[in-house]
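Close look at the chain arrangement
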Amino acid sequence: MLSVETETPVTAFMLVKTTPEWLAMTPRERLDAFTTEVVPAIEGKVTGVRSRFYDTEFYSTRVTDVWVWEAVDHHAYQLLIDALRETPFWDRYFDIVDLLVGTENGYARTYGIDAVTSIST
């Protein structure tokens, strides 16, 4: 049996940089802004996505954070981006530095071969 199946066909690495407006807020204000302005927009318009968040500001000056978004399909990912763009998340609280979108082990699925590049020890 081939080991090429993934739970989430679309993965996006969203590289962002915090803005002065975001940094001017207290941690509590940031939490409140995110939970009242961003999360409801996503939950109200999108199903089939999940995210993980990584702080990178201690290692990079160009990118302060990386959000990894996983979506069940390209349509769910598109709805996610549309929802985010309608909130202060996009270009007010964070500058979107880059979006790297792919499918995990897409080459293996395309050619019907084992995903030898996914390594677990």
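A brief structural summary. Residues take numbers from 1 onward in each chain, read along the sequence in its written order. The model is predicted, so local features are restricted to residues of pLDDT at least 70 and side-chain atom pairs to those at 80 or more, both for listing and for counting; the totals for chains, interfaces and linings are taken over all residues. Each side-chain value is worked out from all heavy atoms of the structure, with water and hydrogens disregarded.

1. Observations concerning the overall build of the chain
Looking only at helices and strands, the chain features four helices and four strands. Helix and strand definitions here come from DSSP, where helices need a minimum of 4 consecutive H or I residues and strands a minimum of 2 consecutive E residues; each element is numbered from the N-terminal end. Moving toward the C terminus, one meets the helices and strands of the chain in the order β-α-α-β-β-α-β-α. C-alpha extents for the chain along the principal axes are approximately 50 × 35 × 20 Å. Evaluated residue by residue, the chain yields a buried proportion of 36% over its 121 residues. Two residues form a contact once any of their heavy atoms are found within 4.5 Å. Taking the intrachain contacts of the chain between residues at least 6 apart in sequence as the baseline, contacts between residues at least 24 apart amount to 68%. For the accessible areas, the method is Shrake-Rupley and the probe is 1.4 Å, while residue cover comes only from the protein chains on display. When the accessible surface of the chain is totalled, it reaches about 7700 Å², and 56% of it is carbon and sulfur. Any residue under 20% of the maximum accessible area for its type is buried, any over 50% is exposed, and the rest in between are partly exposed; the area is computed with a 1.4 Å probe on protein chains only.

2. Some points on the side chain of Thr 56
Inspection of the secondary structure puts Thr 56 in the loop between strand 2 (49-55) and strand 3 (65-71). When its relative accessible area of 19% is taken as the criterion, Thr 56 is described as buried. Thr 56 has contacts with Val 63, Thr 64, Asp 65 and Val 66, leaving out every residue within four places of it along the chain.

3. A word on the packing of aromatic side chains
Between 30 and 60 degrees the pair is tilted, below 30 it is stacked and above 60 it is edge-to-face, where a pair is any two Phe, Tyr or Trp rings, Trp via its six-membered ring, whose centres lie within 6.5 Å. The full count for this structure, using the stated rule, is eight aromatic pairs. Look at Phe 34 and Trp 67: their rings are 5.8 Å apart centre to centre, the planes differ by 10°, and that puts the pair in the stacked class. Here Phe 34, found in helix 2 (residues 27-45), pairs with Trp 67, found in strand 3; they are 33 residues apart in sequence, far enough to count as distant. When the ring of Phe 58 is compared with that of Tyr 59, the centres are 5.4 Å apart and the planes differ by 90°; the resulting orientation is edge-to-face. The pair Phe 58 / Tyr 59 is uniform in exposure class, with both members exposed.

4. Details of the nonpolar core
Met 14, Trp 69, Leu 84 and Phe 89 are the most contacted members of the largest nonpolar core, which has 23 residues in total. Listing elements by their share of this core, those giving two or more residues are strand 1 (10-18), helix 2, strand 3 and helix 3 (74-85). Per-element accounting of this core gives the leading share, six residues, to helix 3. Those residues in contact with Met 14, other than ones at most four positions away along the chain, are Asp 65, Val 66, Trp 67, Trp 69, Ile 81, Leu 84, Phe 89, Trp 90, Ile 96, Asp 98 and Leu 99. For the purposes of this section, nonpolar cores are sets of buried Ala, Val, Leu, Ile, Met, Phe, Trp, Tyr and Cys residues that join through side-chain atoms within 4.5 Å.

5. Regarding the packing of helix 2 against helix 3
Between helix 2 and helix 3, the least distance of the axes is 9 Å, while the angle of their chain directions is 145°. Crossing handedness for the pair helix 2 and helix 3: right-handed. The segment helix 2 lies against helix 3, with Val 38, Ala 41, Ile 42 and Lys 45 engaging Leu 79, Leu 80, Ala 83 and Leu 84. Following the grouping adopted for this structure description, the nonpolar residues are Ala, Val, Leu, Ile, Met, Phe, Trp, Tyr, Cys and Pro, the charged ones are Asp, Glu, Lys and Arg, and the polar ones are all others, Gly among them. Among the residues making up the contact of helix 2 with helix 3, the classes are represented as seven nonpolar, no polar and one charged. Orientation is described by axes fitted as lines to C-alpha atoms, over the contacting stretch for helices, and by angles from 0 to 180 degrees between their N-to-C directions. Note on convention: near helix rotated counterclockwise from far helix by under a right angle means a left-handed crossing. Clockwise means right-handed.

Spatial relationships are all this shows, so hold off on functional conclusions.
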